[in-house]
Amino acid sequence: MGMIKMLKPGLFTTVQDSGRTGLQRYGIPVAGAMDDFSFRIANILVGNDENTAVLETTLMGPSIQMEFDGYIAITGANMEPRLNGNKVHMWRSIEVSKGDSLTFSGSSEGLRSYIAFGGGIGIPAILGSRSTYVRGSLGGYNGRKLMEGDEVPIDSASSKAEAGKYISPGYIPRFHKNNIARVILGPQDDHFSSEMIEIFLNSEYKITAEADRMGYRLEGPTLTHVKGPDIISDGIAFGSVQVPGHGSPIIMMADRQTTGGYTKIATVIWADLPLLAQMGPGDAIHFQAVTIEEGQDIFTQYEENIKNIKFRVENSHIIQEEARTYSVTINRK
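Residues numbered from 1 in each chain as written. Predicted model: local features only at pLDDT ≥ 70, side-chain atom pairs only at ≥ 80, totals over all residues. Heavy atoms only, no water.

**Q** Outline helix H4 (residues 292-314), supporting the account with residue identities and numerical values.
**A** Since there are 3.6 residues in each turn of an α-helix, residues three or four apart along the chain are aligned in direction. With 23 residues, H4 should reach 33 Å at 1.5 Å per residue; the first-to-last C-alpha distance of 33 Å fits that figure. Among all positions of H4, only Gly-295, Ile-298, Tyr-302, Ile-306, Ile-309 and Val-313 are buried. (Helix = DSSP H or I, 4+ residues; strand = E, 2+ residues; numbered from the N terminus. Expected span 1.5 Å × (residues − 1). Buried < 20%, exposed > 50% of the residue type's maximum accessible area, 1.4 Å probe, protein only.)

**Q** Requested: an account of the sheet that holds strand S9 (residues 101-103), with residues and values cited.
**A** Spatial strand order, S7-S6-S9-S4-S1-S11: six strands in an open sheet with antiparallel pairing. Sheet topology places strand S7 (86-87) and strand S11 (151-154) at the edges, where each strand pairs with a single neighbour. Examined bridge by bridge, strand S6 (residues 82-83) and S9 share two bridges and lie antiparallel to one another. When the sheet's bridge partners are listed, Arg-82 is paired in S9 with Thr-103. (Pairing = 2+ DSSP bridges.)

**Q** Please provide a residue-by-residue account of the sheet that holds strand S10 (residues 109-117), values included.
**A** Read across the open sheet, the five strands follow the order S2-S3-S10-S5-S8; overall the sheet is antiparallel. Edge positions in the sheet fall to strand S2 (14-16) and strand S8 (93-96), since each has one partner strand and no second. Averaged over all adjacent pairs, the angle separating strand axes in this sheet is 35 degrees, with direction ignored. Both S2 and strand S3 (residues 54-58) contribute to a ladder of three bridges, which runs antiparallel. What sits directly across from Gln-16, in S3, is Val-54. Contacts from helix H1 (residues 36-45) reach S2, S3, strand S5 (70-78), S8 and S10 within the one sheet, and its direction differs from that of S5 by about 155 degrees. (Axes fitted to C-alpha atoms, helices over the stretch in contact; angles between N-to-C directions. Contact = heavy atoms within 4.5 Å.)

**Q** Any details on the pairing of S5? Residues and values, ideally.
**A** Burial of S5 is extensive: eight of the nine residues sit out of reach of the surface. By the bridge criterion, six bridges tie S5 to S10 in an arrangement that is antiparallel. Note that in S10 the partner of Thr-75 across the bridge is Tyr-114.

**Q** Please give an account of the pattern of salt bridges that cites residues and values.
**A** Taken as a whole, this structure holds 15 salt bridges when the rule is applied. The shortest N-O distance in the salt bridge between Arg-40 and Asp-36 comes to 3.1 Å. Placement of both Arg-40 and Asp-36 in helix H1 is noted, with a separation of four residues, approximately one turn of the helix. Taking relative accessible area as the criterion, Arg-40 reaches 11% and is therefore assigned buried. (Salt bridge = Lys/Arg side-chain N within 4 Å of Asp/Glu carboxyl O.)

Next comes the structure, spelled out in structure tokens:
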């Protein structure tokens, strides 16, 4: 068992996995990684199960001293990572040694980075997850964000990581400050007139400073209700777009509450949530409606892309050998 020591914690660095699913009926929020794609790819690159806990950093990255020999991978927002002062590539496996120093700057593109460690983070699971829910002091490292001097155990002895693992550039997302978020209308879209729904779908909304892991409050045209803003409280999904009485939409994110009594005009589809996770105050969103069937097809393609990435990473030595053989064959003709 190795460990990492936090020399500087960064702005907001926490331990996250895919969250505590199946417990919302007991009032336990899901939490988990905000950017599902970057989180899962980081684990794939170091040979971990896709649900293995990682570090999620926000806007300003940490400084970390490695106290183990092994591998890491960094994905998500570009915070210009450096190992012992030298720039390192993101979206690939990186070999580290005991005593190495990993540092980050402020993000130049995107908002959240993910650091996966070969073998995973060796802290206990709470209610089936190692994710940190800071508002409830639950899970992660003592239920809080990481602080200077914290020593986080790394299960490096069980690592299956290898050198030279990377993903093709075509799979690496770009993070923009103006994005289209596809939504499925409802479940309370009948509380709004057709005119209000058109305004919602044809206007620009900007993320305000009131934005965190719980939700993003948006600034833009206000939406009025035809049946009132209140409903009997029901469950809230990742991506639910609530519209309280003040008429300003709020997108509910990973640390959302389990239930709510405000109308939800729409829900952002799963495949577009990673883009939202990389957006911050001042960034602009345009909503586009899709059907449930279209949302399912997009989700299927999203999962297929991750499956293809995993296959290529795990079989990169075979693919590279086939490419060399093909090149030799062509050159001989």
